[in-house]
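# A closer look at the structure
Each chain, letter by letter, is given below.
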Amino acid sequence: MGKTTAFLKKLTWRSKIIISCSAAIFFTFLLFNFLEYNMVSKWMLNRENSIIQKTLEDITTYYKQNENQLDDKYFRENASLLKKLNDKNQLIRVYDHAGHIIALDKNGDFDTFEPVTVSIKTMDHIKSENNETLVARMPLVSKNFQGTIEIVRELTAYNKMMSQLFVVMMIFGLAAILLSAIFGYFLAKQFLWPVRELAMTMKKIKENGFQERMHIYTRKDELSELSNLFNEMMDEIENSFSQQKQFIEDASHELRTPISILEGHISLLNRWGKKDAAILDESIAAVLQEMTRLKKLVVDLLELTRAENSRLLMQGEKAEAQSLIQQTVRNFELIHPEFDFKLIINQSLDGLLIPEEHLQQILIILLDNSIKYSPNEKKITIEAEQSTDSVILTVKDAGIGIPHEHLTKVFNRFYRIDKARNRKNGGTGLGLSIAKRLVEKNKGTIWIESEEEKGTIVKIVFPINVN
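Bear in mind the structure is a predicted one, so any value in this text is a computation, not a measurement.

## Some details on the confidence of the model for the protein chain
In this model, the protein chain carries a mean pLDDT of 79, and residues with pLDDT of at least 70 account for 81%. This stretch, residues 419-423, has a pLDDT under 50; its non-local contacts, to residues over four places away or in other chains, come to ten contacts.

Below is the structure:
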């Protein structure tokens, strides 16, 4: 058993399918042939039995019609009756109670049995090494005679037919195995072709990159679904790698600027700053400023990584949204007293499934952006409302706005409309990317409406779970 299992494990899937199909068809055919063979055998035996019974009844009826004349002489004179009723490979004989044969007709060359007298009708099925025989005996009793009528029927025709049927079944069985193997081969080839194509596509991807895709099958089955899922997975992987590559390039570019500034000021300090107090103060101030920007950039990168890692999300945590929004707005009022913050909460906010730290971080990013880009009109409106199936959070400012052509790009990592101005404001271009990832991870949507010099509106919609 262990060797068989090990052998099967070494086979290819094509071989396994061919063997499985062949075995299934063979055993089905074998069971069908077995049942058919037995049914035909029983039917033919019953037919032979019926023939011998009919002959025995005909002879007995004829003799009983002349019951008063039955004696040894009568049987000898009417022996022709047995010849007329006899069949091929059959023996009919009449013998008395002592076993003496009185009348006999034998049609065929076969061995006979010793006479056996009976008192009741009997039917025996005798099997030997070379043949099978049916023996029927009927007692015959009259005023002048007491004996037995015996019919011995060799089942030569039955055996010949069953032998031929067995040979035919064997031939058809072998043909069925051959055809099932051929059918299994083409079936395996048809079934495994998408799998082979998948393997070839993977090999091409390994050699040439992520551009290769599986062929999309028009039929709707498990393999076409597998192809679609594979293509979707490759699209996501390719997109992920592209974003990763872009992220590395952008991060490298963003880190290069503060590092270059630090290097320049440290070199200046090394050459002149030791003796010139003005250069020393200026360089130290510049170094501290760039270190602050560098620290913020690293923190934002870590926050973006956390936002993109779904395993860090605490599923099923319900936020106390109303109190959290109120507290966050109060904190900004203390830090930025020059701004007028207007908070509107239409009703109690319940059923919002989001970690509180995520909701607070999203709100901080949006308020921080509104403050940075509202240099003149220092008025910010925060509105929260709940519908039957969602919570809508809106942050509106009257700042410088965003040009229409930039609206679709502001959520990209490190994207800045005016890079020089953003660096001056301390921005890294990661805030909205972090906010978008946190919103999407919590199954929400975010979009921006803006017009230059008229302000910006950011809207977020979160689904809710009302028990």
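Still to come is the rest of the account.
## A few points about unusual backbone geometry
The phi torsion at N89 lies on the positive side, around 60 degrees, for a residue other than glycine. Position of N89 relative to the elements: it lies in the loop between α4 (80-85) and β1 (90-96). The backbone of E453 sits at a positive phi, close to 65 degrees, despite the residue not being glycine. Along the chain, E453 turns up in the loop between β9 (445-451) and β10 (455-463). Taking the relative accessible area as the measure of exposure, E453 reaches 62% and is therefore exposed.

## Observations regarding the nonpolar core
If you look at the biggest cluster of nonpolar residues, it comprises 41 residues, and the most contacted ones within it are L359 and I382. Elements with a minimum of two residues in this core: α8 (321-335), α9 (356-372), β7 (379-386), β8 (390-397), α11 (431-441), β9 and β10. With residues up to four places along the chain from it excluded, the contact list for L359 reads A319, A321, L324, L352, I354, L393 and F462. The next biggest cluster of nonpolar side chains, apart from the first, holds 24 residues, and it includes L81, I102, F145 and I151.

## Regarding a nonpolar patch on the surface
Where nonpolar side chains cluster on the molecular surface, the patch consists of L178, L179, I182, Y185 and F186 and spans about 510 Å² of accessible area. Along the chain, the position of F186 falls in helix α5 (residues 156-208).

## Details of the sheet that holds strand β2 (residues 101-107)
The five strands are arranged β2-β1-β5-β4-β3 in an open sheet whose pairing can be described as antiparallel. Looking at which strands have only one partner, the edges of the open sheet turn out to be β2 and β3 (122-127). Looking at each pair of strands side by side, their axes are set apart by 15 degrees on average, direction ignored. Direction of pairing for β3 relative to strand β4 (residues 132-141): antiparallel, over a ladder of six bridges. Note that in β4 the partner of D124 across the bridge is V135.

## Topic: the packing of aromatic side chains
Tallied over the entire structure, the rule returns eight aromatic pairs. Taken together, a centroid distance of 6.5 Å and an interplanar angle of 75 degrees make the contact between Y37 and F166 edge-to-face. Of this pair, Y37 sits in helix α2 (residues 13-65) while F166 sits in helix α5, placing them 129 residues apart in sequence. Connected via pairs of aromatic rings, a cluster forms that spans Y62, Y63, Y74, F75 and F145.

## Here's the deal with the pairing of β4
For β4, the tally of buried residues reaches nine of ten residues, placing the bulk of the element in the interior. Direction of pairing for β4 relative to strand β5 (residues 146-154): antiparallel, over a ladder of nine bridges. The residue bridging T133 from the neighbouring strand is E154, located in β5. Joining the antiparallel neighbours β4 and β5 is a turn of four residues.

Thresholds applied
Residues numbered from 1 in each chain as written. Predicted model: local features only at pLDDT ≥ 70, side-chain atom pairs only at ≥ 80, totals over all residues. Heavy atoms only, no water. pLDDT = per-residue confidence, 0-100. Contact = heavy atoms within 4.5 Å. Helix = DSSP H or I, 4+ residues; strand = E, 2+ residues; numbered from the N terminus. Buried < 20%, exposed > 50% of the residue type's maximum accessible area, 1.4 Å probe, protein only. Core = buried A, V, L, I, M, F, W, Y, C linked by side-chain atoms within 4.5 Å. Patch = residues over 30% accessible without salt bridge, like charges linked within 9 Å, V, L, I, M, F, W, Y side chains within 5 Å. Areas by Shrake-Rupley, 256 points an atom, 1.4 Å probe, with all protein chains shown as cover. Salt bridge = Lys/Arg side-chain N within 4 Å of Asp/Glu carboxyl O. Pairing = 2+ DSSP bridges. Axes fitted to C-alpha atoms, helices over the stretch in contact; angles between N-to-C directions. Phe/Tyr/Trp six-rings, centres within 6.5 Å; stacked < 30°, edge-to-face > 60°.

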